[in-house]
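# Structural description and commentary
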There are 2 protein chains.
Amino acid sequence: MPKVTDEHRANRRLEILAAARTCVGRQGFHKTTMADVISQSGLSAGAVYGYFKSKDDIVAAIADEVLSSVDELFQGILASEAPLSPAAALRATLDHILEIAARPGGDMTRVAIQAWAEALHNDAIMATASSKYRMLRGHFAAVARRGQADGTIDREADPEQVAQVLFGMIPGFLLQRLLLGDVTPASYSAGLAALLSAPNARS
Amino acid sequence: MPKVTDEHRANRRLEILAAARTCVGRQGFHKTTMADVISQSGLSAGAVYGYFKSKDDIVAAIADEVLSSVDELFQGILASEAPLSPAAALRATLDHILEIAARPGGDMTRVAIQAWAEALHNDAIMATASSKYRMLRGHFAAVARRGQADGTIDREADPEQVAQVLFGMIPGFLLQRLLLGDVTPASYSAGLAALLSAPNARS
């Protein structure tokens, strides 16, 4: 029954990732050991090591999991036929990230912030993070080009520069949410929409 | 000669902070010990502990140092009589941060990213970071109110929401600079200016 076995393996893998998110979110990347993840998962050490050889492997898998679901989100955003606005794309992305963060097994945005710090001193995490973030930012460049076609973004603009700023709003949202606790996708995208509706904004 | 002594103490303190920035930037917050900072500073243990009792104290002092110079920057920005635009305020802030980052003794933006991660598991760092960031964001709220008075920001907008987004662009800049290496204050503020000059941006 190879199909059942594959499904079983996939579920086990998700359980281990949820356990890892819980540990990293609670105690940080450095203090989390494979033994913590094993204990949190309730599986045997052999079972866990059968899926992931190291913490770096686990962090890479968490990043993959989150960002492949974000890829799907952008496919949906770009497939819509309505004129695409930057504030609406930001709002949809933030809503999606918070929906993922609320899933059982630990807020992955806490893991993301750990990964940023870890990337500065760990080549494997740096390689994962930079390639994933480049891909995610590429989605915002696609949003910018679509906005230019739809007339919601200046046609003279460099879409890569617009993408830097749109993508760059996300870490600031996550950080304010975890450190200051007073931002929501609604307040943040309202702030952007207010800026974009400025009467005389070009400078 | 109390004046000379004060100046001497202040310089010593700056030397220790520079040594700490170097250590944390190189090896991360967790792997940095007080012994590393002492060794990097070239001072005696007694001398260093005379200024700082712990790593947490040092991180708080680095945050103070950086953010008090940012306070001065905003006083300058808000004192100017020219109409204040959000993109110009962002550009000035980023230029200022990179100027501080280029000072001898280690890039403090690397320390900032370590502090974000550390804040999630360390109450002292959390308290420092959240109060400093709240203050810094307050400067952007002042920029927003000034922009509303000058007609560069929609008068109907909530300045606190605008501040969330403007402040929120900074962590994303720092992260892209360190992880992707391809953003500059010029490219980033050009991206924002392009968004703000959108023909039909309200959504």
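Scroll up a little and you will see the structure.
Below or above, wherever it landed, is the structure these notes cover. (Residues numbered from 1 in each chain as written. Chains lettered and ligands numbered in written order. Predicted model: local features only at pLDDT ≥ 70, side-chain atom pairs only at ≥ 80, totals over all residues. Heavy atoms only, no water.)

### Considerations on the packing of helix α8 (residues 159-179) of chain A against helix α9 (residues 185-196) of chain B
What counts, and what does not: For helices, the axis comes from a line fit to the C-alpha atoms of the stretch in contact; other axes are also lines fit to C-alpha atoms, and the angle between any two N-to-C directions lies between 0 and 180 degrees. Here a helix means four or more residues in a row that DSSP labels H or I, a strand means two or more in a row labelled E, and each is numbered from the N terminus. Oblique is the label for any angle not under 35 degrees, not over 145, and not in the 65 to 115 range, which are roughly parallel, roughly antiparallel and roughly perpendicular in turn. Any two residues having at least one pair of non-hydrogen atoms within 4.5 Å are treated as being in contact.
Between α8 of chain A and α9 of chain B, whose axes approach to 7 Å, the crossing angle comes to 90°. Considering their axes alone, α8 of chain A and α9 of chain B lie roughly perpendicular with respect to each other. Contacts between α8 of chain A and α9 of chain B involve Q161, V162, Q164, V165, L166, G168 and M169 of chain A on the former and, on the latter, S187, Y188, A190, G191, L192, A194 and L195 of chain B.

### Some remarks on the environment of D56 of chain A
Residues and elements named next belong to chain A. Mapped onto the secondary structure, D56 falls in helix α4 (residues 55-79). When the C-alpha positions of D56 and I125 are compared, they lie 6.5 Å apart, and in sequence the two are 69 residues distant. Setting aside its immediate chain neighbours within four residues, D56 contacts F29, N122, A124 and I125.

### Some details on the pattern of salt bridges
Heads up, the condition is: Salt bridge, as used here: a side-chain nitrogen of Lys or Arg that lies within 4 Å of a carboxyl oxygen of Asp or Glu. Type-normalised accessible area, obtained with a 1.4 Å probe on protein chains alone, sets the label of each residue: buried when under 20%, exposed when over 50%, and partly exposed for intermediate values.
Under the criterion given, the structure shown has 18 salt bridges over all chains. The closest approach of N and O atoms between R103 of chain A and E99 of chain A, which form a salt bridge, is 3.8 Å. Salt-bridge contacts for R21 of chain B lead to E65 of chain B; the nearest nitrogen and oxygen are separated by 3.3 Å. On the criterion of sequence distance, the pair formed by R21 of chain B in helix α1 (residues 2-31) and E65 of chain B in helix α4 (residues 55-79) is long-range, its members being 44 residues apart. R21 of chain B gets classed as buried once you look at its relative accessible area, which sits at 8%.

### So, helix α6 (residues 108-119) of chain A
Residue and element names in this part refer to chain A. Heads up, the condition is: Expected span of a helix: the number of residues minus one, times 1.5 Å.
In this model α6 runs 16 Å from its N-terminal to its C-terminal C-alpha over 12 residues, within 8% of the 16 Å that 1.5 Å per residue would give. Counting buried positions along α6 gives 11 out of 12 residues, so the element sits mostly inside the fold. Burial in α6 covers these residues: M108, T109, V111, A112, I113, Q114, A115, W116, A117, E118 and A119.

### Side note on the side chain of S69 of chain B
In this fold, S69 of chain B is placed in helix α4. In this structure S69 of chain B touches H96 and I100 of chain B, once residues within four positions along its chain are discounted.

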